[in-house]
Amino acid sequence: MAAWRLVPFHRYPPRENMAIDEAIFREVQRSGGPPTIRLYGWLSPAVSIGHFQHVDREIDLPACRKGGVTVVRRPTGGKAVYHDDDLTYAVIARENTSIFPPTILETYQVISQCLVQGLHKLGLEAILSAEGRMPGKDSLDASCFFVPSLHELLVKGRKICGSAQMRSRGAFLQQGSLLMSFNPEKTCDVTMPHGEPRARRVQALREKVTSLYEHLPRSVTGEDVCKSIIGAFQDGWGVSLAEGSLTPGEEALKDHLLETRYGDLAWES
Amino acid sequence: MKVFPDDLLYSREHVWVRVEGDLATIGITDLAQEKLGEVHSVELPEIDTEVERDEPFGAIEAAKGMVELISPLTGNVINVNEDLIDDIGIVNSDPHDTGWMIVVEINDLDELDDLLDSRGYHDFILQEVEGE
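Residues numbered from 1 in each chain as written. Chains lettered and ligands numbered in written order. Predicted model: local features only at pLDDT ≥ 70, side-chain atom pairs only at ≥ 80, totals over all residues.

1. Comments concerning the overall build of chain A
Here's step 1: From N to C terminus, chain A includes 8 helices and 12 strands.
Here's step 2: Taking 269 residues into account, the globule formula puts the C-alpha radius of gyration at 18 Å, and chain A, at 17 Å, falls close to it.
Here's step 3: For chain A, the C-alpha atoms occupy an extent of roughly 55 × 45 × 35 Å along the three principal directions.
Here's step 4: Here chain A, with 269 residues, has 50% of them falling under the buried criterion.
Here's step 5: For chain A, restricting intrachain contacts to residue pairs at least 6 apart in sequence, the fraction spanning at least 24 positions comes to 76%. (Helix = DSSP H or I, 4+ residues; strand = E, 2+ residues; numbered from the N terminus. Rg over C-alpha atoms; globule rule 2.2 N^0.38 Å. Buried ≥ 20, exposed ≤ 12 C-beta atoms within 10 Å, placed from the backbone. Contact = placed C-beta atoms within 7 Å.)

The following block contains the structure:
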């Protein structure tokens, strides 16, 4: 099997992060380029919202403006994620790449299993949720982390990573956010609903969500986590990951997407 | 083995087309809905908008993901299935019939030549699975 590409960890502005992921996805879709794993962080706090979310109803835009939080729409589905101290990943490949089963949920599970192994290597007893709500269906809460759904990563019964996928023309992109630390207050401030008492919602998030640094010492760095996850992808799938950067075509497409798509929350597919 | 009705045409993006004169009813195939899983919502164009062949005309949200809907034809949307608002589940339960999505007035009937019949679609699926 040909080497996969690893786009190593780097922090980017929020909109650029989404434009990079979509540019890679569109190029893999168009030209059948190598399956790619990208790890990244956020240069400034952001809320990413799912493709189908209603920004006016689900995000507190004044609070975001006041707090210096950029709101950006993801190409993928799912609910809102507050990005600050998280490690975000993207897996991009053709749907018929032999490692991945045909359905969205099965592919999601295969990727999640690698993340579980990556966390195990760090000493975290992560498991996959065997049940849960399907996002967008049962929960009125706009936050991705409010209720775990099927095949999501849990540590001691609390969600630590949220992910979502998009597919088109035979390729898929899965994005996910692994929490290094978690700020339930900030998550509550920027996502709706504000109807119920804030303290109750903060407490509910505190009970349902966890993060790496609740269980691991701060001496474990983001770099350690990246290494562990990369190792788990390589071992779990038996693939060789070669570090690479964006192709000139992907760079140009990223710039185009930044101008045309990711400056505007209202875009539709 | 899935059954793909003989009276439909199929795109390589897993969309079916039922042609009646210069009108095309469009939906997703049974295989597409199976790969999606439980569908939650669908985003479709409004009536009297243009859709373009090989370009997205909407999107479907399912458990843990979304899928772009790629138009098999160019034309003007003259009808949208409003039943999907009340019961999105029919996309899963009856994708080739009541789960239809839009009706398009076809601009160029020659575009139909690029679509597959049920046998061709069946063979395409097998090739796709063996693609890697």
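From this point, the discussion proceeds with the structure in view.
2. Brief notes about the interface of chain A and chain B
Here's step 1: Between chain A and chain B, the contact holds 24 residues from the first and 24 residues from the second.
Here's step 2: The leading source of residues in the side of chain A that touches chain B is strand β10 (residues 161–168) of chain A, at 5 residues.
Here's step 3: Here the side of chain A that touches chain B is built from residues that sort into 8 nonpolar, 12 polar and 4 charged.
Here's step 4: The pairing of β10(A) with strand β7 (residues 65–70) of chain B spans 3 bridges and is classified as parallel. Looking across to β7(B), one finds that A:Met166 is bridged to B:Met66. (Nonpolar A, V, L, I, M, F, W, Y, C, P; charged D, E, K, R; others polar. Pairing = 2+ DSSP bridges.)

3. Observations concerning the sheet that holds strand β8 (residues 153–155) of chain A
All names here are of chain A.
Here's step 1: With antiparallel pairing, 3 strands are arranged side by side in an open sheet as β7-β8-β9. With partners counted over all chains shown, the strands left at the sheet margins are β7 (126–128) and β9 (158–159), one partner each.
Here's step 2: In this sheet, β9 lies alongside β8 in antiparallel orientation, the contact comprising 2 bridges. Residue pairing in the sheet places Val155 in a bridge with Arg158 of β9.
Here's step 3: Each of β7 and β8 touches helix α4 (residues 104–121); the most contacted strand, β7, lies at about 170 degrees to it. (Axes fitted to C-alpha atoms, helices over the stretch in contact; angles between N-to-C directions.)

4. So, the packing of α4(A) against helix α7 (residues 222–237) of chain A
Residue and element names in this part refer to chain A.
Here's step 1: Contact geometry of α4 with α7 gives a least axis separation of 8 Å together with a crossing angle of 125 degrees. In this view, α4 runs oblique relative to α7, as classed from their interaxial angle. In the packing of α4 onto α7, the handedness of the crossing is right-handed. Residues Gln113, Cys114, Leu115, Gln117, Gly118 and Lys121 of α4 pack against Ser228, Ile229, Gly231, Ala232, Phe233, Gly236 and Trp237 of α7. (Parallel < 35°, antiparallel > 145°, perpendicular 65-115°, else oblique. Left-handed = near helix turned anticlockwise from the far one by under 90°.)

5. Regarding the nonpolar core
Across soluble globular proteins, nonpolar side chains show a tendency to be buried alongside one another.
Here's step 1: Ranked by size, the top nonpolar core spans 107 residues in total, and within it A:Val47, A:Leu115, B:Val17 and B:Ile60 carry the most contacts.
Here's step 2: Here this core gets 8 residues from one element, more than from any other, and that element is α4(A).
Here's step 3: Non-local contacts of B:Ile60, meaning those with residues more than four positions away in its chain, are made with B:Leu36, B:Val39, B:Val42, B:Met66, B:Val67 and B:Leu69. (Core = buried A, V, L, I, M, F, W, Y, C linked by C-beta atoms within 7 Å.)

6. Quick notes on unusual backbone geometry
All names here are of chain A.
Here's step 1: Although it is not a glycine, Arg169 sits at a positive phi angle of roughly 50 degrees.
Here's step 2: Note that Arg169 resides in the loop between β10 and β11 (171–179).
Here's step 3: With 17 C-beta atoms counted inside 10 Å, the residue Arg169 sits in the partly exposed group.

7. Points about the sheet that holds strand β5 (residues 50–51) of chain B
Residues and elements named next belong to chain B.
Here's step 1: Across the sheet, which stays open at both edges, the 6 strands sit in the order β1-β2-β3-β9-β8-β5 with antiparallel pairing between neighbours. With partners counted over all chains shown, the strands left at the sheet margins are β1 (9–10) and β5, one partner each.
Here's step 2: Judged from the 2 bridges that link them, β5 and strand β8 (residues 75–80) form a sheet pairing that is antiparallel. Each bridged residue has a counterpart across the sheet, and for Val51 the counterpart in β8 is Gly75.

8. Some thoughts on the pairing of β11(A)
Residues and elements named next belong to chain A.
Here's step 1: For β11, the tally of buried residues reaches 9 of 9 residues, placing the bulk of the element in the interior.
Here's step 2: Of the two faces of β11, both are covered, the one formed by Ala171, Leu173, Gln175, Ser177 and Leu179 as well as the one formed by Phe172, Gln174, Gly176 and Leu178.
Here's step 3: Strand direction decides the pairing type here: strand β6 (residues 86–94) and β11, joined by 9 bridges, are antiparallel. In the strand pairing of β11, Val91 is matched with Gln174.
Here's step 4: As judged from the 8 bridges shared by β10 and β11, these two strands associate in the antiparallel manner. Residue pairing for β11: Gly162 is matched across the bridge by Ser177.
Here's step 5: Here β10 folds back onto β11 in antiparallel fashion, the turn holding 2 residues, of which Arg169 has a positive phi close to 50 degrees.

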